[in-house]
Amino acid sequence: MDAFSRSWSALLAAVADLSDEDFARPSGCTGWLVRDLVCHLVIDAQDVLITLATPSAGEPTRNAVTYWRVVEPPTGDDPLDALTVRLAAAYEQPELLRFHLDDVGSAAGRAAALADPAGRVGTQDQVLTAGDYLSAYVLEWTLHHLDLIAHVPDAAGPPAEGLRRSRELLEGVVAATFPASFTDRDALLIGTGRRAPTAAETAALGTLAARLPFPVG
């Protein structure tokens, strides 16, 4: 729960610190500008609010690790991705998008802080404890924080705790351990296909290199 709050707060702060010009830069998400990614974060925040307001009496079917699945690498051609781009463009002014994320994002943060970790919530036809659901989202926030600053060199990065926890989650999803020589940031970038490994990194990965990348969704 604390890792969720710190990761989300750091991501909201990073968006708040962006200049208007930064919104037109490319992001680390294929086919998306920074403004498109920020619009996606608005939708993510709405999803958090909806899920926390959707209690379930069923037994948990997922936990923080099994919430995620390895999916096909994004191409930017998905209809929902294209819708996000159109929605982002409709804001016209970065300040409007920045304000909307702060408004909805702050509400999502407050809802997370008030949630009972043991309470059960439903999302995507699955049941999780609120604690597991929020823990799973640390990976979402951390990866998108890295996407946000991919071409904004002076921006602050995600907190170390979020990077560490996200690496643990990704390693759990793929049932593999990245080399100890990899920083948490590099393990996430290389593991999810956001950066190609160098020759030395490929050698360190061993047989795991042939399984890359591991996009999650």
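Residues numbered from 1 in each chain as written. Predicted model: local features only at pLDDT ≥ 70, side-chain atom pairs only at ≥ 80, totals over all residues. Heavy atoms only, no water.

Colleague: For this particular structure, what's the right way to read the environment of aspartate 47?
Modeller: Mapped onto the secondary structure, aspartate 47 falls in helix 2 (residues 34-52). Judged by its relative accessible area of 32%, aspartate 47 is partly exposed. Along the primary structure aspartate 47 and threonine 123 are separated by 76 residues, whereas in three dimensions their C-alpha atoms are 8.8 Å apart. In this structure, aspartate 47 is in contact with Tyr133 and Tyr137, ignoring residues within four places of it in sequence. (Helix = DSSP H or I, 4+ residues; strand = E, 2+ residues; numbered from the N terminus. Buried < 20%, exposed > 50% of the residue type's maximum accessible area, 1.4 Å probe, protein only. Contact = heavy atoms within 4.5 Å.)

Colleague: Just to check I follow, could you spell out the packing of aromatic side chains for this structure?
Modeller: By convention here, two paired aromatic rings are described through the distance between centres and the angle between planes. Scanning the model with the defined rule gives seven aromatic pairs in all. Taking the centre distance of 6.0 Å and the plane angle of 80 degrees together, the rings of tyrosine 67 and tyrosine 133 count as edge-to-face. Of this pair, tyrosine 67 sits in the loop between helix 2 and helix 3 (79-91) while tyrosine 133 sits in helix 5 (residues 130-148), and the two are 66 residues apart along the sequence. Just as tyrosine 67 is buried, tyrosine 133 falls in that class too. Site record: aromatic cluster; members linked through ring pairs are Phe4, Trp8, Tyr67, Trp68, Tyr133, Tyr137 and Trp141. (Phe/Tyr/Trp six-rings, centres within 6.5 Å; stacked < 30°, edge-to-face > 60°.)

Colleague: What exactly am I supposed to notice about helix 3 here?
Modeller: Three or four residues apart is the spacing at which side chains of an α-helix point the same way, because the helix has 3.6 residues per turn. Spanning 13 residues, helix 3 covers 19 Å between terminal C-alpha atoms, matching the ideal 18 Å at 1.5 Å per step. Those residues of helix 3 not exposed but buried are Thr84, Ala88 and Tyr91. Around the axis of helix 3, the buried residues are gathered within 50 degrees of arc, so they sit on the same side. Away from its buried face, by an angle of more than 90 degrees, helix 3 presents the exposed residues Pro79, Arg86 and Ala90. Buried residues belonging to helix 3 abut helix 2 and helix 4 (94-114). Following helix 3 by one or two positions, glutamate 92 has its phi on the positive side, about 65 degrees. (Expected span 1.5 Å × (residues − 1). Arc of directions from axis to C-beta.)

Colleague: Can you walk me through the pattern of salt bridges in this structure?
Modeller: Where charged atoms of side chains with opposite charge meet at close range, the side chains can pair. One pass over the structure, following the stated rule, counts twelve salt bridges. A salt bridge links aspartate 22 to arginine 25, with the nearest nitrogen and oxygen atoms 2.7 Å apart. For arginine 25, a relative accessible area of 35% gives the class partly exposed. Arginine 195 is the salt-bridge partner of aspartate 186, the closest N and O atoms lying 3.3 Å from each other. Residue classification places aspartate 186 among the partly exposed residues on the basis of a relative accessible area of 22%. (Salt bridge = Lys/Arg side-chain N within 4 Å of Asp/Glu carboxyl O.)

Colleague: Even after reading the chapter, I still don't get the side chain of aspartate 44, so can you show me in this structure?
Modeller: Along the chain, aspartate 44 turns up in helix 2. For the buried residue aspartate 44, which engages in no salt bridge, the nearest side chain bearing the opposite charge is arginine 194, 9.6 Å off. (Lys, Arg positive; Asp, Glu negative; His and termini not counted.)

Colleague: Help me understand unusual backbone geometry in this model?
Modeller: Note on backbone geometry: most residues besides glycine have negative phi, and most peptide bonds are trans. Along the chain, leucine 212 connects to proline 213 via a cis peptide bond; the corresponding omega equals 0 degrees. By secondary structure assignment, the location of proline 213 is in the segment after helix 8 (199-205). The backbone of glutamate 92 sits at a positive phi, close to 65 degrees, despite the residue not being glycine. Among the structural elements, glutamate 92 can be located in the loop between helix 3 and helix 4. Phi is positive for aspartate 125, which is not a glycine, with a value near 65 degrees.

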